[in-house]
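Here are the chains, one letter per residue:
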Amino acid sequence: MEIGRVVRANSNIYTVDSAGREYQCKPRGRFRVEGQRVMVGDLVRITVISDREGVIEDILPRRTCLDRPQIANVDQAVVVFTASTPPLDLQLVDRFLVVAQRAGLTPVLCLNKIDQLDPEDCDRILAPYRRAGFTAVGVSARLEMGLIDLGAALRDHISVFAGLSGVGKSSLANALLPGVQLRTGEVSARIGRGRHTTRTVQLLALPGGGFIADTPGFTSLELTGMTRVEVKRLYPEFAGLEAGCRFANCLHWREPACAVKAAYEAGEIDAGRYERYVAILEEVAANERRY
Ligand code: GDP
Ligand code: ZN
């Protein structure tokens, strides 16, 4: 038996990538009895029955499970943004980071279109995120800059792209995947549009190992159902400081003797990140009151 990754689904036929070879596989009959469903992204055990065909015997346990789009085992979200077209919106970037981490994904920040930016500006934008502990790369899909760094961040992971329409998600996928040509705008076009929702997701194999999904990772940036404590935990730059807060459950917001707020006032943590955190917290607090 071999182990492979389900990269595509077409009714009840699943394409499984095993060591770079693709097998068209049907699941064993008992899957229907047990109510189990194979998902794109699943790691499966297959019996090979010909050089192109196999049978799925087992689904290995899932690490994560995205709902819309339905993909199993995604572990990274590449948050793509730009500082030109569309203009820089760090409030939105931080929101993407919160939503991605809440789904159990490790975010990778990707500032695209750096050909339209001074190198100092690129570093100025990314530095606070790097200091906080995130992986952040500046790239240009058009000029193929920074793609080695981005490729290294994606290696051996299953990643989804996230970001506004027009930031260059399709262009980046094309630049990373020789031989695959998604139309520009293609990765975005599916956000929230009815006529695209029936089309199933595909995983595209990266040359260095790992996969990217050809559909954006999330279609919603809603924070509903989230608590303030959950939000706070998604800010790695606070974690090392909060032992110094007076209250163990400090939200670093309106509490007295807060070490995070002190660090903010002393300029030791990035002011923008902290201020945008407070804005997100206020929104979540308003949502909490509604329930
Ligand atoms: P998506 O909607 O996120 O998939 O974005 P697309 O890949 O369709 O790109 C949107 C537009 O940005 C297209 O016109 C691309 O040619 C352009 N674009 C993508 N990457 C770059 C880049 O690195 N630099 C510049 N200047 N333009 C880019
Ligand atoms: Zn605090």
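Residues numbered from 1 in each chain as written. Chains lettered and ligands numbered in written order. Predicted model: local features only at pLDDT ≥ 70, side-chain atom pairs only at ≥ 80, totals over all residues. Heavy atoms only, no water.

Caption draft 1: Just the sheet that holds strand 13 (residues 211-213), in detail. A sheet is described by the order of its strands in space; here six strands give the open sequence 10-9-8-11-13-12, paired in mixed fashion. At either margin of the open sheet sits one strand with a lone partner, and together these are strand 10 (135-138) and strand 12 (203-205). Averaged over all pairs of adjacent strands, the angle between strand axes in this sheet comes to 25°, irrespective of strand direction. For strand 8 (residues 76-82) and strand 9 (residues 106-112), the ladder comprises seven bridges, and the chain directions are parallel. What sits directly across from Ala-77, in strand 9, is Pro-107. Against the sheet, helix 2 (residues 90-102) touches strand 8, strand 9 and strand 11 (158-162), its axis set at about 175° to strand 8. In the packing of helix 5 (residues 169-176) onto the sheet, contacts are made with strand 8, strand 9, strand 11 and strand 13, and the angle to strand 11 comes to roughly 145°. (Pairing = 2+ DSSP bridges. Helix = DSSP H or I, 4+ residues; strand = E, 2+ residues; numbered from the N terminus. Axes fitted to C-alpha atoms, helices over the stretch in contact; angles between N-to-C directions. Contact = heavy atoms within 4.5 Å.)

Caption draft 2: View of the packing of aromatic side chains. Tallied over the full model, the rule gives seven aromatic pairs. A network of ring pairs unites the aromatic residues Tyr-235, Phe-238, Tyr-264, Tyr-274 and Tyr-277 as a single cluster. Over the aromatic face of Trp-253 sits the side chain of Arg-254, whose NZ or CZ is 4.2 Å from the ring centroid. (Phe/Tyr/Trp six-rings, centres within 6.5 Å; stacked < 30°, edge-to-face > 60°. Lys NZ or Arg CZ within 6 Å of the ring centre and 35° of its normal.)

Caption draft 3: Local environment of the coordination of the zinc ion (ligand 2). Only Cys-245 (SG), Cys-250 (SG), His-252 (ND1) and Cys-258 (SG) from the protein coordinate the zinc ion (ligand 2), and they sit 2.1 to 2.4 Å from it. Coordination at the zinc ion (ligand 2) is tetrahedral: its four donor atoms span angles of 104 to 116° at the metal. Between the donor residues of the zinc ion (ligand 2), the gaps in sequence give the motif C-x4-C-x1-H-x5-C. Take Cys-250 and Cys-258: they sit in the same class, and that class is buried. (Donors = N, O, S within 2.8 Å, 3.2 Å for Na, K, Ca; no water. Tetrahedral: all angles 85-135°; square planar, octahedral: opposite > 155°, others 65-115°. Buried < 20%, exposed > 50% of the residue type's maximum accessible area, 1.4 Å probe, protein only.)

Caption draft 4: Region of interest: the domain arrangement of the protein chain. Each assigned domain of the protein chain is listed here: domain 1 (2-60), domain 2 (66-214) and domain 3 (228-290). Just the C-alpha atoms count here: the centres of domain 1 and domain 2 sit 28 Å apart. Facing the twelve residues of domain 1 at the interface are twelve residues of domain 2. A combined buried area of about 900 Å² lies between domain 1 and domain 2, and 55% of that area is made up of carbon and sulfur atoms. At the junction of domain 1 with domain 2, the criterion picks out zero salt bridges. Scanning the region where domain 1 abuts domain 2 turns up five residue pairs in polar contact (both at pLDDT 80 or more). Looking at which element gives the most residues to the side of domain 1 that touches domain 2, the answer is strand 1 (residues 2-10), with five residues. (Domains from an automatic or database assignment. Buried area = accessible area lost by both parts, 1.4 Å probe. Salt bridge = Lys/Arg side-chain N within 4 Å of Asp/Glu carboxyl O. Polar contact = N/O pair within 3.5 Å; in protein donor to acceptor, adjacent residues only side chain to side chain.)

Caption draft 5: Representation of unusual backbone geometry. That bond from Arg-68 to Pro-69 is cis: its omega, 0°, falls within 30 degrees of zero. In this structure, Pro-69 sits in the loop between strand 6 (65-66) and strand 7 (71-72). The peptide bond linking Thr-85 to Pro-86 adopts the cis configuration, its omega dihedral lying at -5°. One can find Pro-86 in the loop between strand 8 and helix 2. Of note in this structure, Asn-73 is not a glycine but carries a positive phi near 65°.

Caption draft 6: Local environment of the nonpolar core. Ile-56 and Tyr-277 are the most contacted members of the largest nonpolar core, which has 69 residues in total. Residues contacting Ile-56, with those up to four places away along its chain left out, are Tyr-14, Val-16, Cys-25, Lys-26, Pro-27, Arg-28, Phe-31, Val-38, Val-44, Arg-45 and Ile-46. One finds Leu-147, Leu-154, Phe-161 and Ile-212 within the second-largest nonpolar core, a separate group that totals 18 residues. (Core = buried A, V, L, I, M, F, W, Y, C linked by side-chain atoms within 4.5 Å.)

Caption draft 7: Quick look at the pattern of salt bridges. This structure, assessed with the given rule, holds 13 salt bridges. We note a salt bridge from Glu-57 to Arg-28, for which the minimum N-O separation is 2.9 Å. Of the two residues, Glu-57 sits in strand 5 (residues 53-59) while Arg-28 sits in the loop between strand 3 (21-27) and helix 1 (30-33), which places them 29 residues apart along the sequence. Under the relative-accessibility criterion, Glu-57 is labelled buried at 10%. Notably, a salt bridge pairs Glu-283 with Arg-95, separated by 2.8 Å at the nearest N-O pair. Pair noted here: Glu-283 is in helix 10 (residues 271-290) and Arg-95 is in helix 2, with a separation of 188 residues, a long-range link. Residue classification places Arg-95 among the buried residues on the basis of a relative accessible area of 17%. Linked through salt bridges whose partners overlap, the residues forming this network are Asp-94, Glu-237, Arg-273 and Arg-276.

Caption draft 8: Highlighting the sheet that holds strand 2 (residues 13-18). Spatially, the five strands close up into a barrel ordered 1-2-3-5-4, and their pairing is mixed. Averaged over all neighbouring strand pairs, the angle between strand axes comes to 55°, with direction disregarded. Taken together, the five bridges between strand 2 and strand 3 define a ladder with antiparallel strand orientation. Counterpart to Thr-15 in the pairing with strand 3 is Gln-24.

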